[in-house]
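# Architecture and fold: a report
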Amino acid sequence: MQHSGPVGRPLGRFVTVAVTALLMGCGSPSKQGASAMAAAPARAQTFVSIPVPPPSPRVARPAPEALSARIDALARAFAGKAGIAIRAVDQGWSVEAGGRQRLPQQSVSKLWVALTLMDLRDQGRASLDTPITVRPQDLTLFHQPIAMLVKGSGYQTTVGDLMVRALTHSDNTANDRLLNYVGGPSAVRAMIERKRLGDIRFGPGERALQSGTAGLTWQPAYAIGNAFNIARSRLSPAARSRALDAYIANPPDGAAPLAIADALARLARGELLSEGSTRILLDTMGRSVTGRARLRAALPPGWIIAHKTGTGQDLGRRNAGFNDVGLLTAPDGNRYAIAVMIGDTLRPIQERQQLIQAVAGAVAESASVGAAAGRYPPTSE
């Protein structure tokens with residue numbers, strides 16, 4: 001049996017109700033009758049199932065033709081492997097171009113660690129206030145601002161602080177320590193499967209993922225100083241190219257942009273977490289400081305964004321994994337889940353940023369036109 005959740009989860013077909021049989025009749029109970037009920041509650045209650053009408057089905061409106069054409073044109077014009085997906089959370093339509101192919105997520109995958117944590121919180125199995133220690137042996141590689149705080153026996157913080165650092169600053173060590181806390185990659189994969197998030201993979205963690213992408217095998221010494229970059233620079237260009245080719249062909253952290261956009265839409269509708277956990281997660285994503293020249297850069301005043309970026313390694317001019325995914329909220333309250341992912345390209349970073357900006361700009365323009373035409377009434381959610 002399903003029950004209605006605090007953020008609009010659908011009711012099941014029956015609601016179980018406790019009916020109390022009044023010993024003194026069917027009217028208002030006398031003092032004696034009330035005393036009798038209090039003394040024998042087990043014998044006074046009967047549980048019955050009352051049919052409840054099913055929720056009205058969500059009727060998807062047709063996707064805006066101009067937006068569909070614009071997104072298709074953007075994908076075709078970009079020189080590289082890219083996927084774009086947009087889900088209108090409140091209208092139900094979707095637009096995609098290359099959105100069903102599996103592309104590297106890189107740090108976008110930090111979102112699934114956070115979602116696993118908040119799901120455990122809803123189950124009463126985790127708390128954001130739980131103290132946790134980040135030790136020197138927990139350090140990873142690349143972007144890890146928390147490393148400056150890890151000295152001696154370690155840095156004392158909380159689970160919630162690690163989630164904030166992972167989502168807002170894309171801190172690799174904070175995320176990997178959080179990943180260990182929630183049960184490792186297998187726990188995240190189980191959450192993805194249980195919630196039926198679709199074609200979304202979760203990799204082995206930053207150390208193994210980044211080492212394998214570069215053509216190395218992880219060693220603890222790589223976490224110290226610039227050791228990883230030095231070891232990577234000693235590999236031959238051919239070895240690095242083979243490793244990168246293998247990663248792009250079958251990314252262990254790969255995901256379809258359409259699956260990510262759908263997951264974000266479900267999160268926004270309150271279908272994945274409790275109301276409180278949904279708000280905490282989206283508020284934290286809204287505080288992200290990464291990717292200022294990606295989705296955020298193209299939004300007009302009054303729009304709100306909650307997002308997560310991801311950036312993969314470079315090999316010369318080549319890049320594998322340049323992404324931004326998130327929830328865009330228009331001034332009228334209508335919401336759009338969006339995923340723009342670049343899986344492999346030789347184009348410079350500015351052109352990658354421009355593609356992501358162009359998608360966000362197209363969504364904002366379409367929403368403005370739709371609102372002016374009365375196609376998208378303001379949402380009360």
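See the structure printed just above.
Below is a summary of the structure that appears in this document.

The rules behind the values
- Residues numbered from 1 in each chain as written.
- Predicted model: local features only at pLDDT ≥ 70, side-chain atom pairs only at ≥ 80, totals over all residues.
- Heavy atoms only, no water.
- Helix = DSSP H or I, 4+ residues; strand = E, 2+ residues; numbered from the N terminus.
- Buried < 20%, exposed > 50% of the residue type's maximum accessible area, 1.4 Å probe, protein only.
- Contact = heavy atoms within 4.5 Å.
- Areas by Shrake-Rupley, 256 points an atom, 1.4 Å probe, with all protein chains shown as cover.
- 1 Å grid on protein atoms, 1.4 Å probe; cavity = no way out; pocket = protein on both sides within 12 Å on 5 of 7 lines; lining within 4 Å.
- Points joined across faces, edges and corners; volume = space filled by probe spheres on them.
- Nonpolar A, V, L, I, M, F, W, Y, C, P; charged D, E, K, R; others polar.
- Core = buried A, V, L, I, M, F, W, Y, C linked by side-chain atoms within 4.5 Å.
- Polar contact = N/O pair within 3.5 Å; in protein donor to acceptor, adjacent residues only side chain to side chain.

### Focus on the overall build of the protein
- Summing up its helical and strand segments, the protein has 13 helices and 13 strands in all.
- Within the protein, buried positions represent 48% of all 381 residues.
- In the protein, once contacts between residues fewer than 6 apart in sequence are set aside, the share between residues at least 24 apart is 70%.
- Of the roughly 17,900 Å² of accessible surface on the protein, a fraction of 54% belongs to carbon and sulfur atoms.

### Quick word on empty space enclosed by the protein
- Applying the stated criterion across every chain yields a total of two cavities of 30 Å³ or more.
- In this structure, the largest cavity encloses a volume near 70 Å³.
- Taken together, S109, N175, D176, F202, G203, P204, G205, E206, L209 and D253 make up the lining of the largest cavity.
- Going through the elements one at a time, α6 (172–182) and α8 (206–214) are the ones with two or more residues in the lining of the largest cavity.
- Its residues placed into classes, the lining of the largest cavity shows three nonpolar, four polar and three charged.

### A short note on the nonpolar core
- W112, L115, L117, L197, I200, I260 and L281 are the most contacted members of the largest nonpolar core, which has 53 residues in total.
- For this core, the element with the highest residue contribution is helix α4 (residues 110–122), accounting for eight residues.
- For I200, the contacting residues outside a window of four places in its chain are Q105, W112, I192, G254, A255, A259, I260 and A263.
- Core analysis: the next-biggest nonpolar cluster, separate from the first, contains 31 residues, L74, A75, A88 and L328 among them.

### Concerning α6
- Of all eleven residues in α6, nine are buried; the element is thus mostly enclosed.
- Of all the positions in α6, only N172, T173, A174, N175, D176, R177, L178, L179 and V182 are classed as buried.
- Tucked into the core, α6 has its buried residues touching α4, β6 (131–134), α5 (159–168), α7 (185–194) and α8.
- For α6, the side-chain oxygen to backbone nitrogen distance between the N-cap and T173 is 3.0 Å, and the N-cap itself is D171.
- Once α6 finishes, G183 follows within two positions and takes phi at roughly 120°, a positive value.

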